[in-house]
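So you can see what is in the structure, the chains are spelled out below.
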Amino acid sequence: MPRRGLILHTRTHWLLLGLALLCSLVLFMYLLECAPQTDGNASLPGVVGENYGKEYYQALLQEQEEHYQTRATSLKRQIAQLKQELQEMSEKMRSLQERKNIGANGIGYQGNKEQAPSDLLEFLHSQIDKAEVSIGAKLPSEYGVIPFESFTLMKVFQLEMGLTRHPEEKPVRKDKRDELVEVIEAGLEVINNPDEDDEQEDEEGPLGEKLIFNENDFIEGYYRTERDKGTQYELFFKKAELMEYRHVTLFRPFGPLMKVKSEMIDITRSIINIIVPLAERTEAFVQFMQNFRDVCIHQDKKIHLTVVYFGKEGLSKVKSILESVTSESDFHNYTLVSLNEEFNRGRGLNVGARTWDKGEVLMFFCDVDIYFSAEFLNSCRLNAEPGSQKGFWLLARFWLWNDLSVSVRFPDHW
């Protein structure tokens, strides 16, 4: 009997122990389910059961970052387009509001500003809106381009003269001289008495007085006439003590001159990369480097020279010429590219352009026979707008060794 009671007591003890263990296991599993998940144990993207290294997650993060950057860039571009459209609509609404006014002021530079009928002013504005000065025009071919004529205070360079005669006209005919003098005076009026919407600030002289521009500050200008709309004028002014140029665009819609815009141009940080393809013509290269030393190194000082040489014959002399210029003028801003193949001007210009890797630059495709001046280099800077097609002009005025002058200007919508 005592043995039987002992067995029963043992079974009861093990049963209670099993129940206690079962309750402990259930409690432990409950605590695991309810416990908050820490950052260290957070689940990582990927297939369960596979181990991923640090490189995988870095690549994944980079991919996500590139996706968001692309999306942000797209949104910024859309916002910029919407802002531009909104600005254009605002300008159109303002223009319509101004045209509805009974007394609208027209710009006449023969005297004080006079009252003009609203219908006449509306017609003149419509002429400007239809001209290439405001919008581009689709042309059937290059023969439809209306070229620009260039002029200074004393000379006019005309393309209509052709290459059989000297394009320089001096002295200027009285009718043409009176027209250009009126245009220059109109440009001076715009600069010296700017409107509130002009993109320029009043500059002061050394004694604090307001700077006044005169005809002696006129550098050069360009004009062309659209036969059914009017004449467009591009004027550039600069004072000797200032680094900036003043650019004024005027348009004569077969009536009084009307201001299009007035702005300030800073060309002090614009670098020009002169690219010259060359083969064998070392004597011509000597003359070229003499002009380059006088104009680019001693005067302009913001030039990089890239020489693409074809073949082996004469290469050592070209290197010697460049090293001589370096030692004499302490000039190191040049690149010499050697190609062991037949001369090809297009190939040379392409290679020279691709050689540049120092950021934004204005490239001048040049031949070894071309003679240029410091004024020409500034004309290149004035007529090129980096990173934009709006307002962009390609100007090429070359003074060759035989004293031939060619001036060509292409519109921005090309």
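In short, a report on the structure. (Residues numbered from 1 in each chain as written. Predicted model: local features only at pLDDT ≥ 70, side-chain atom pairs only at ≥ 80, totals over all residues. Heavy atoms only, no water.)

1. A short note on helix 4 (residues 174-192)
Here helix 4 is 19 residues long and its end C-alpha atoms lie 27 Å apart, about the 27 Å a rise of 1.5 Å per residue gives. The set of residues buried in helix 4 consists of Lys-176, Leu-180, Glu-182, Val-183, Ile-184, Ala-186, Gly-187, Leu-188, Val-190, Ile-191 and Asn-192. Where helix 4 is buried, its residues contact strand 3 (149-151), strand 4 (156-157), strand 6 (218-226), strand 7 (230-237), strand 8 (245-252) and strand 9 (258-265). (Helix = DSSP H or I, 4+ residues; strand = E, 2+ residues; numbered from the N terminus. Expected span 1.5 Å × (residues − 1). Buried < 20%, exposed > 50% of the residue type's maximum accessible area, 1.4 Å probe, protein only. Contact = heavy atoms within 4.5 Å.)

2. Some details on unusual backbone geometry
A negative phi angle characterises most non-glycine residues, just as the trans form characterises most peptide bonds. If you check the backbone angles, Glu-280 has positive phi at about 70° while not being a glycine. Mapped onto the secondary structure, Glu-280 falls in the loop between strand 10 (272-278) and helix 5 (282-300). Using a relative accessible area of 52% as the deciding quantity, one classes Glu-280 as exposed. Unusually for a residue other than glycine, Asp-330 sits at a positive phi of about 55°.

3. Quick word on the pairing of strand 6
Within strand 6, seven of the nine residues are buried, which leaves it mostly tucked inside the rest of the structure. Looking at chain direction, strand 3 and strand 6 are connected through three bridges and run antiparallel. In the strand pairing of strand 6, Phe-151 is matched with Gly-221. Alignment of strand 6 against strand 7, held across eight bridges, turns out to be antiparallel. Paired with Phe-218 across the two strands is Phe-237, which belongs to strand 7. The hairpin turn running from strand 6 into strand 7, its antiparallel successor, is three residues long. (Pairing = 2+ DSSP bridges.)

4. Details of the pattern of salt bridges
Side-chain pairing between opposite charges can occur once the charged atoms of the two side chains come close. By the definition in use, this model includes 12 salt bridges. In this structure, Glu-226 engages Lys-229 in a salt bridge whose closest nitrogen and oxygen atoms are separated by 4.0 Å. The exposure class assigned to Glu-226 is buried, which follows from its relative accessible area of 6%. Lys-229 gets classed as buried once you look at its relative accessible area, which sits at 15%. (Salt bridge = Lys/Arg side-chain N within 4 Å of Asp/Glu carboxyl O.)

5. Considering a nonpolar patch on the surface
On the surface, Leu-15, Leu-16, Leu-19, Leu-22 and Val-26 cluster together to form a nonpolar patch covering roughly 500 Å² of accessible area. Of note, Leu-15 is situated in helix 1 (residues 2-34). A residue is classified by how much of its surface remains accessible, and Leu-15, at 55% relative accessible area, is exposed. (Patch = residues over 30% accessible without salt bridge, like charges linked within 9 Å, V, L, I, M, F, W, Y side chains within 5 Å. Areas by Shrake-Rupley, 256 points an atom, 1.4 Å probe, with all protein chains shown as cover.)

6. Structural notes on the sheet that holds strand 12 (residues 334-339)
Judged by pairing direction, the sheet is parallel, and its four strands sit side by side in the order 12-11-10-13 without closing on themselves. This sheet does not close on itself; its edge strands, each paired only once, are strand 12 and strand 13 (362-365). Sheet twist, expressed as the average angle between the axes of neighbouring strands with direction ignored, equals 20°. Bridge count between strand 10 and strand 13: four bridges; the pairing is parallel. Within strand 13, the position partnered with Ile-272 by the bridge is Leu-362. Against the sheet, helix 5 makes contact with strand 10 and strand 11 (303-310), and its axis sits at roughly 165° relative to strand 11, the strand it touches most. Packed onto the sheet, helix 7 (residues 345-355) meets strand 10, strand 11, strand 12 and strand 13 and runs at close to 145° relative to strand 10. (Axes fitted to C-alpha atoms, helices over the stretch in contact; angles between N-to-C directions.)

7. As for the nonpolar core
Residues Ile-274, Phe-285, Phe-288, Met-289, Phe-292, Leu-305 and Phe-372 are the most contacted members of the largest nonpolar core, which totals 31 residues. For this core, the secondary-structure elements that each account for two or more residues are strand 10, helix 5, strand 11, helix 6 (315-329) and helix 8 (374-382). For this core, the leading source of residues is helix 5, giving eight residues. In this structure, Val-156, Leu-180, Tyr-223 and Leu-250 belong to the second largest nonpolar core, which totals 21 residues. (Core = buried A, V, L, I, M, F, W, Y, C linked by side-chain atoms within 4.5 Å.)

8. Focus on the packing of helix 5 against helix 6
Their axes nearest at 11 Å, the elements helix 5 and helix 6 cross at an angle of 25°. As far as their axial angle goes, helix 6 and helix 5 are roughly parallel. Note that helix 5 runs across helix 6; the crossing there is right-handed. Within the contact between the two elements, helix 5 uses Thr-282, Glu-283, Phe-285, Val-286, Met-289, Arg-293, Ile-297 and His-298 and helix 6 uses Lys-317, Val-318, Ile-321, Leu-322, Val-325, Glu-328 and Ser-329. Tallied by class, the residues present in the contact of helix 5 with helix 6 amount to eight nonpolar, three polar and four charged. (Parallel < 35°, antiparallel > 145°, perpendicular 65-115°, else oblique. Left-handed = near helix turned anticlockwise from the far one by under 90°. Nonpolar A, V, L, I, M, F, W, Y, C, P; charged D, E, K, R; others polar.)

9. Observations concerning the environment of Met-363
For Met-363, the position within the fold is in strand 13. Spatially, the C-alpha atom of Met-363 lies 7.5 Å from that of Ala-353, the residues being 10 residues apart in sequence. If sequence neighbours within four positions are ignored, Met-363 has contacts with Asn-273, Ile-275, Ala-353 and Trp-356.

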